[in-house]
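For reference, the chains in residue letters:
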Amino acid sequence: MRKYGLIIIVVICLSVLVLGHQHWKNVIEATGVEAREAAAKVKEKEKEERDALIQSLKPEKNKQQSLIDYLQYKSLTQDKVIVSLVGSNGTSGTGASKTSNGWAGRLEKSLRSERDELETLGFINHGQEGYSTKDLLESEKIATVIHENPDLVIFENPLNNNQYQSISLEQTEKDLKNIMSKLQKELPNAKILIISPNPVANSKTENSLDLNYVDYIKVSERAIKNNKWTYINSMEGIEKKLKEENMRLADILTNDNVHPNDQGHYLWFKVMDEYFKLKK
């Protein structure tokens, strides 16, 4: 009798264990289903929010879209986004203590930190110290930019070197038109932003053609205006910042009185950064 009692107890215990195990298995499975359903809902919500953001950033719906919104839209709708820079001393970062302190390096860092979608932004700098418009056309710089198929091109018009090399105003204007023609023809879907070089201390000094730096700025701006190209007068923008900060031009230039130092590149970056966030 005692033996049968033990057997019954063992059977009961095993039954409890089996039923308990099945119960917890059912609980775990139910929890897993709930977790998957919750994750699916979160994913669906994120997709809806992403789709809504894409719709809100569509260029067709934003005729006055800022450049940073344009880049964010591109990053949401394609695998990679590329910004190509081409120009001379200012773009290469001449005068800055290190490349990251140049206006281009600062702008790259700012854009990537400003929007999560721009963390992987491709920023390719083709600035070449000493290059004039003639040098840009005769080298492979423009062809290289075209090959990269960028979404945005920032073209620093190297007028300080044109003036220094005594390239005529007529040739300067012709070079500018040729560069823009190549970029627009080969990159029909890219945005192209022209910027002027920085202010220099000897802007009134004349070259062998009796032309000063400002003469080159004016002839280029005339061509830019006539062709309705997108443009930033970096020189004026930096000079405005100098007044706001109660600083002298000498404070932001290196000893050669031509190239911006770290502070000069910072002011240049501020001009660019504000423009990128500006609704056009």
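Coordinates for the structure precede this section.
**Observations regarding the pairing of strand β3 (residues 152-156)**
Logical step 1: Buried residues dominate β3, accounting for five of its five residues.
Logical step 2: Pairing of strand β1 (residues 82-87) with β3, which is carried by four bridges, proceeds in the parallel orientation. Opposite V83, over in β3, you have L152 as the bridge partner.
Logical step 3: Two elements, β3 and strand β4 (residues 191-195), share five bridges in a ladder whose sense is parallel. If you follow E156 over to β4, its bridge partner there is I195.

**Some words on the nonpolar core**
Logical step 1: Grouped together as the largest cluster of nonpolar side chains are 30 residues, with contacts concentrated most on L71, W103, L107, I154, M272 and F276.
Logical step 2: The element best represented in this core is helix α11 (residues 262-276), accounting for seven residues.
Logical step 3: The contact partners of M272, leaving out residues within four places of it in the chain, are W103, L107, I154, L193, I195 and I232.
Logical step 4: By size, the runner-up hydrophobic cluster in this structure holds 17 residues, among which are V153, I179, I194 and I224.

**Things to note about the environment of I232**
Logical step 1: Assignment of secondary structure puts I232 in strand β5 (residues 230-232).
Logical step 2: The exposure class of I232 is buried, given its relative accessible area of 7%.
Logical step 3: Taking the C-alpha atoms as reference, I232 lies 8.8 Å from V271; in sequence the two are 39 residues apart.
Logical step 4: Sequence-distant contacts of I232, that is, excluding residues within four places in its chain, are made with L193, I194, I195, S196, V271, M272 and Y275.

**Let's talk about the packing of helix α10 (residues 234-244) against α11**
Logical step 1: It is at 9 Å that the axes of α10 and α11 come closest, and there the two elements cross at 110°. The angle between α10 and α11 places the two elements in the roughly perpendicular class. Of the two elements, α10 crosses α11, and the hand of that crossing is right-handed. Here α10 contributes S234, G237, I238, K241 and L242 to the contact with α11, which in turn contributes L267, W268, K270, V271 and E274.

**A look at α11**
Logical step 1: With 15 residues, α11 ought to run about 21 Å at 1.5 Å a step, and its terminal C-alpha atoms sit 21 Å apart, in line with that.
Logical step 2: When we look at burial in α11, the residues that qualify are G264, H265, L267, W268, F269, V271, M272, D273, Y275 and F276.
Logical step 3: Where α11 starts, the residue carrying a side-chain oxygen 3.0 Å from the main-chain nitrogen of Q263 turns out to be N261.

About the cut-offs
- Residues numbered from 1 in each chain as written.
- Predicted model: local features only at pLDDT ≥ 70, side-chain atom pairs only at ≥ 80, totals over all residues.
- Heavy atoms only, no water.
- Buried < 20%, exposed > 50% of the residue type's maximum accessible area, 1.4 Å probe, protein only.
- Helix = DSSP H or I, 4+ residues; strand = E, 2+ residues; numbered from the N terminus.
- Pairing = 2+ DSSP bridges.
- Core = buried A, V, L, I, M, F, W, Y, C linked by side-chain atoms within 4.5 Å.
- Contact = heavy atoms within 4.5 Å.
- Axes fitted to C-alpha atoms, helices over the stretch in contact; angles between N-to-C directions.
- Parallel < 35°, antiparallel > 145°, perpendicular 65-115°, else oblique.
- Left-handed = near helix turned anticlockwise from the far one by under 90°.
- Expected span 1.5 Å × (residues − 1).
- Polar contact = N/O pair within 3.5 Å; in protein donor to acceptor, adjacent residues only side chain to side chain.

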